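# Coordinate inspection notes
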Amino acid sequence: METDDPILKRLPRGARPWAVLVGGVMCMVTFGIVYTCGNLLPYLVSYFRWKMYPDMRTGQLIWLQTLLSGLPMGMVIGGLVERKFGGRAGALLGSIIYTIGVGSTFYSIQHSYAATLLTMGGIASVGSSIAYSSILPTAQRWFPDNVGLAGGIIIGGYGCGAFILSPLQTTFINPLDYRVNDQGFFTQEDLLERVPYVFIVMSIFFTVFQSIGLIFIGQPEGDIHVETENLIGTNSEIRVEQARVWPQLRTTTFLVLFLSLTCNAVWVQLTSGLYKAYGQQFIDSDFFLSLIGSISSIFNAGSRVFWGAIADTTSYQFSMSIVCSLGAVLAFSMPLVKMVSNDVLFLATVCLMFSCIGGTFSIFPYITHKCFSKANFSVMYGFLQCAVSVAGLIAGLISTHALSEIGFEYLFIVCGCFMLTSLFLTFIVHKTDLAQLLVSAEREHLEEDENGYQVYQ
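Per an unreviewed UniProt entry, the chain goes by MFS domain-containing protein and derives from Caenorhabditis elegans. Quoted verbatim from the Subcellular location (unreviewed entry) field of the UniProt record, the comment on the chain reads "Membrane".

If you want it as structure tokens, here you go:
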């Protein structure tokens, strides 16, 4: 593809799309800190208990993960910046805000939990949201015939961040592999004193990766135009006129997708945020639990590419139905894993869970791009991401108020029920108004070619 970008146009034409993907992945790796929350939260809650809140419980820190999952306003801002000034400008703005937020957590964590929520959960989250919604549509425009695959690779970088960050955090904070006490908290002072400094280490790492990745994030030449879209649940190609954002927000298609993502995201936040605290009940080695975080991030990243390709070749309903079914079964099986008390079985279960996380955040961008047109993707996906914030509120309330009453085992059963609800919503999405409109548009554009065969226009 052609481009006016001063850097990309110096590269061979065939290498340009792949250069954008590499640059996007390098940036997205740094924003994947949210998937290290399961590894990081036990250190943070132990630090807060040591410094200022002796009665703090692990479930209370799920709010940090909730905020890190993305703020909807940041996604919308990023979409608008990307449409107006291009992907590199949005990614640069988001990266600066994000890295400042993470680095300043060195000071805020020594002050209070509220200050930590502000810097890491607020400032850093806004920055990552802006960059996320700028990089993703930019990369997808370079691969118009493989939107799901391109989106899967970019989002795979986001999921792969924990592969680097989880061992970095554990090696820096707990190099001697200290064990938690009977209550599940670290009490070794030399370990706890290193907790604030890990944010300085991560911010340096982020700066290096982002500085390299931003060089290659550029736009292809030409305006965004009306494109051929894919019908929900089929491989039929139809042409859908671009629409304004507001009418699309009022469709039942958007509502069903919003509710489905909410259910998936509740499952994601509870399982990814609490798996380590649950594993500490029957696994002693902190290094092994950190290893689980690293290996599961590979499944998280790889599955995003895999599910993106599956969605491209099948449909949203087919791919999401498998993700929801598998996620529900895995959640229901977590109490049995503890009964068996097998380290390898726990590792396998968590890895498969993270493959479902990757599927969730690969397939939803795919269906957003297909349903609401390329022109509106970044803004519409920003609004759809509001579901993640709603899910964060639900997950936070459950972990804060219900976890101590019902325990981890029943918590995972509740998680499975959320996935079953999403599965039902996936089955009915083809009955929504936009889906019916797409069917009508398909019928209107059926014509007979010169050989008498029907073709899609």
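Okay, back to it.
When helices and strands are tallied, the chain shows 17 helices and 4 strands. Burial analysis of the chain (457 residues in total) assigns 59% to the buried set. Across the chain, contacts joining residues at least 24 apart in sequence account for 82% of those joining residues at least 6 apart. If you sum the accessible surface of the chain, you get close to 17,500 Å²; carbon and sulfur atoms cover 65% of it.

Right, let's get into the pattern of salt bridges. Using the criterion set out here, one finds 8 salt bridges in the structure. Here Glu2 makes a salt bridge to Arg16, at a shortest N to O gap of 3.7 Å. Residue Glu2 is located in the segment before helix H1 (16-30), and its partner Arg16 is located in helix H1; the two are separated by 14 residues in the primary sequence. For Arg16, a relative accessible area of 7% translates into the label buried. Among the ionic pairs, Asp286 bridges to Lys276, the shortest N-O distance being 2.9 Å. With Asp286 in helix H12 (residues 286-313) and Lys276 in helix H11 (residues 252-279), this residue pair connects regions lying 10 residues apart in the sequence. Of the two residues, Asp286 and Lys276, neither departs from the other in class, the shared state being buried. Because the salt bridges share partners, they merge into one network encompassing Glu2, Arg13 and Arg16.

Below, the discussion takes up the side chain of Ser294. Along the chain, Ser294 turns up in helix H12. Its relative accessible area of 6% is what places Ser294 among the buried residues. Those residues within four positions of Ser294 in sequence are excluded, and the remaining contacts are Ala162, Phe163, Ser166 and Pro167.

With that settled, consider the nonpolar core. Counting 126 residues, the largest nonpolar core has Leu44, Phe199, Trp267, Tyr316, Phe346 and Phe361 as the members making the most contacts within it. Those residues in contact with Leu44 that sit more than four places away from it in its chain are Leu61, Leu64, Ile109, Val195 and Phe199.

Turning our eyes to something else, we now look at the state of the cysteines. Scanning the entire structure with this criterion turns up 0 disulfides. With no disulfide of its own, Cys263 lies closest to Cys324 among cysteine sulfurs, the gap being 8.6 Å. There is no disulfide at Cys324, and the cysteine sulfur nearest it, in Cys356, is 8.5 Å away. In this structure Cys324 comes out as buried when scored by relative accessible area, which is 0%.

With that out of the way, let us pick up the side chain of Ser108. Relative to the helices and strands, Ser108 resides in helix H5 (residues 87-108). A polar contact is formed between the side chain of Ser108 and the side chain of Thr119, at a distance of 2.7 Å. Aside from chain neighbours lying at most four places away, what touches Ser108 is Ala115, Thr116 and Thr119.

It is worth spelling out H1 at this point. With 15 residues, H1 should reach 21 Å at 1.5 Å per residue; the first-to-last C-alpha distance of 22 Å fits that figure. Within H1, 12 of the 15 residues are buried, which leaves it mostly tucked inside the rest of the structure. Looking only at H1, the buried set comprises Arg16, Pro17, Ala19, Val20, Leu21, Gly23, Gly24, Met26, Cys27, Met28, Val29 and Thr30. Contacts from the buried residues of H1 go to H5, helix H6 (113-141), helix H7 (147-173) and helix H9 (197-213).

What counts and how
Residues numbered from 1 in each chain as written. Predicted model: local features only at pLDDT ≥ 70, side-chain atom pairs only at ≥ 80, totals over all residues. Heavy atoms only, no water. UniProt positions renumbered as here; feature names shortened; annotations may be inferred. Helix = DSSP H or I, 4+ residues; strand = E, 2+ residues; numbered from the N terminus. Buried < 20%, exposed > 50% of the residue type's maximum accessible area, 1.4 Å probe, protein only. Contact = heavy atoms within 4.5 Å. Areas by Shrake-Rupley, 256 points an atom, 1.4 Å probe, with all protein chains shown as cover. Salt bridge = Lys/Arg side-chain N within 4 Å of Asp/Glu carboxyl O. Core = buried A, V, L, I, M, F, W, Y, C linked by side-chain atoms within 4.5 Å. Disulfide = S-S within 2.5 Å. Polar contact = N/O pair within 3.5 Å; in protein donor to acceptor, adjacent residues only side chain to side chain. Expected span 1.5 Å × (residues − 1).

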